[in-house]
Amino acid sequence: MTRLPAGCIHTICRALLAGLMFVLCPAGAFSQENASNPLAAVNNTDLRWQYFSDDGSNAHDLFIDGAYMLMPTLKLKYELHYGFTDVTGTNERDFEKIVIKPILFVYQAKVSDVWGMKVAVGLDWINYLGNHAKGIGVDADQLGPFAGLAFANAQTGLAIIPLVQHFTSYNGSVDVNQTAFRIIGLQPFGQGYWAKIDAKFPYDWENDAWPITAEAQLGYNISQGLAIYADGLVGIGKDRPYDIGAGLGIRFKY
């Protein structure tokens, strides 16, 4: 049997890998994805600060928010939160929670000449770190399965991402049973800028309440591997979890 030269085998393997990558992650509408889209197939680590105000109390959330593509169709998001607050009447600070979120991209295709569609499913594992007595987090470890779509316009860069997710507690003294509907709009503009609107409509089955929130984000890509952004947050309606908030973030892309 004739053996192929080693260099030829290497070339064939590279061609097969490139073909597999093209099938699983085709170029086009999703080729310039922004990590502010939770369904983007990107690697990043964000360092973030957010501030919330509610009826005279204040809370700060410092956290790492990152993602890594384990496979072309499998993404792992991760978060580690550290909070400090005066909600109990004294200043308290400690670690709040860990969030691990695997996301599987189950389908991707072009739906028109300019629009692409991506379908994803995933699961949030939320582990609170036992500091609820300090007013940091809640005593309710949770699971949150979700499904979402991402529509991207190859000409304008506009991305529209609707998602639905259900949160349920599996450990702790607080019962959580909440279904959340979410819609994200993400638009790049100018030379490296982007704007994002993120509206969340969760229904709390335990308390018959809608703790609705909305977030606006403005960001700038300093370079291929570095970006900065600012957040504005607001709670909506009588069941809102906070009144207003603000945030800053720095993103490392790789």
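Located above this text is the structure these notes cover.
Below you will find a few notes about this structure. Here the structure is a predicted model, which is why all the values come from computation and not from measurement.

Parameters and conventions
- Residues numbered from 1 in each chain as written.
- Predicted model: local features only at pLDDT ≥ 70, side-chain atom pairs only at ≥ 80, totals over all residues.
- Heavy atoms only, no water.
- Salt bridge = Lys/Arg side-chain N within 4 Å of Asp/Glu carboxyl O.
- Helix = DSSP H or I, 4+ residues; strand = E, 2+ residues; numbered from the N terminus.
- Buried < 20%, exposed > 50% of the residue type's maximum accessible area, 1.4 Å probe, protein only.
- Phe/Tyr/Trp six-rings, centres within 6.5 Å; stacked < 30°, edge-to-face > 60°.
- Lys NZ or Arg CZ within 6 Å of the ring centre and 35° of its normal.
- Pairing = 2+ DSSP bridges.
- Axes fitted to C-alpha atoms, helices over the stretch in contact; angles between N-to-C directions.
- Polar contact = N/O pair within 3.5 Å; in protein donor to acceptor, adjacent residues only side chain to side chain.
- Core = buried A, V, L, I, M, F, W, Y, C linked by side-chain atoms within 4.5 Å.
- Contact = heavy atoms within 4.5 Å.

1. Brief notes about the pattern of salt bridges
- Counted according to the given criterion, the structure contains twelve salt bridges.
- Among the salt bridges present, the one from aspartate 65 reaches lysine 77, with a minimum N-O distance of 3.2 Å. Within this pair, whereas aspartate 65 is found in strand 2 (residues 57-71), its partner lysine 77 is found in strand 3 (residues 74-85), the two being separated by twelve residues in sequence.
- Taking relative accessible area as the criterion, aspartate 65 reaches 9% and is therefore assigned buried.
- Given the relative accessible area of 10%, lysine 77 is considered buried.
- We note a salt bridge from aspartate 94 to lysine 134, for which the minimum N-O separation is 2.6 Å. Remark: lysine 134 occurs in the loop between strand 5 (115-128) and strand 6 (141-153) and aspartate 94 occurs in strand 4 (residues 92-110); sequence separation between them is 40 residues.

2. Concerning the packing of aromatic side chains
- The tally for this structure, following the rule as stated, stands at seven aromatic pairs.
- Between phenylalanine 189 and tyrosine 193, the aromatic rings sit 5.7 Å apart at their centres with planes inclined by 20°, giving stacked as the arrangement.
- Relative to tryptophan 210, the ring of tyrosine 203 has its centre 5.0 Å away and its plane inclined at 50°; by these criteria the two rings are tilted.
- Look at tyrosine 203 and you get buried, because its relative accessible area is 16%.
- Through a chain of ring-to-ring contacts, three or more aromatic side chains come together here, namely Phe189, Tyr193 and Tyr220.
- Above the plane of the ring of phenylalanine 84 lies arginine 93, whose end atom (NZ or CZ) is 5.1 Å from the centre.
- The ring of phenylalanine 146 has lysine 101 sitting right over it, with the charged end atom 5.5 Å from the ring centre.

3. Comments concerning the sheet that holds strand 6
- In spatial order, the strands read 1-2-3-4-5-6-7-8-9-10-11-12; together these twelve strands close into a barrel with antiparallel pairing. With strand direction ignored, the average angle separating the axes of adjacent strands in the sheet is 20°.
- Two elements, strand 8 (residues 177-189) and strand 9 (residues 193-204), share twelve bridges in a ladder whose sense is antiparallel. Its bridge partner lying in strand 9, phenylalanine 181 is registered against phenylalanine 201.

4. Concerning the pairing of strand 1 (residues 44-54)
- Where strand 1 and strand 12 (residues 244-253) come together, ten bridges link them in antiparallel fashion. Residue pairing for strand 12: tyrosine 51 is matched across the bridge by alanine 246.
- Pairing of strand 1 with strand 2, which is carried by eleven bridges, proceeds in the antiparallel orientation. When the sheet's bridge partners are listed, glutamine 50 is paired in strand 2 with aspartate 61.

5. Concerning the environment of serine 173
- Inspection of the secondary structure assignment puts serine 173 in the loop between strand 7 (159-171) and strand 8.
- Serine 173 gets classed as exposed once you look at its relative accessible area, which sits at 59%.
- Along the backbone, serine 173 and aspartate 141 are 32 residues apart, and their C-alpha atoms lie at a distance of 9.4 Å.
- Of the polar contacts made by the side chain of serine 173, one reaches the side chain of aspartate 139; its length is 2.7 Å.

6. What to know about the nonpolar core
- Ranked by internal contacts, the top residues of the largest apolar core, which has 15 residues, are Leu39, Ile103, Phe105, Ile161 and Leu163.
- Listing elements by their share of this core, those giving two or more residues are strand 4, strand 6, strand 7, strand 8 and strand 11 (226-236).
- If sequence neighbours within four positions are ignored, isoleucine 161 has contacts with Asn37, Leu39, Leu149, Ala150, Arg182, Ile183 and Ile184.

These values are about where atoms sit, not about what they do.
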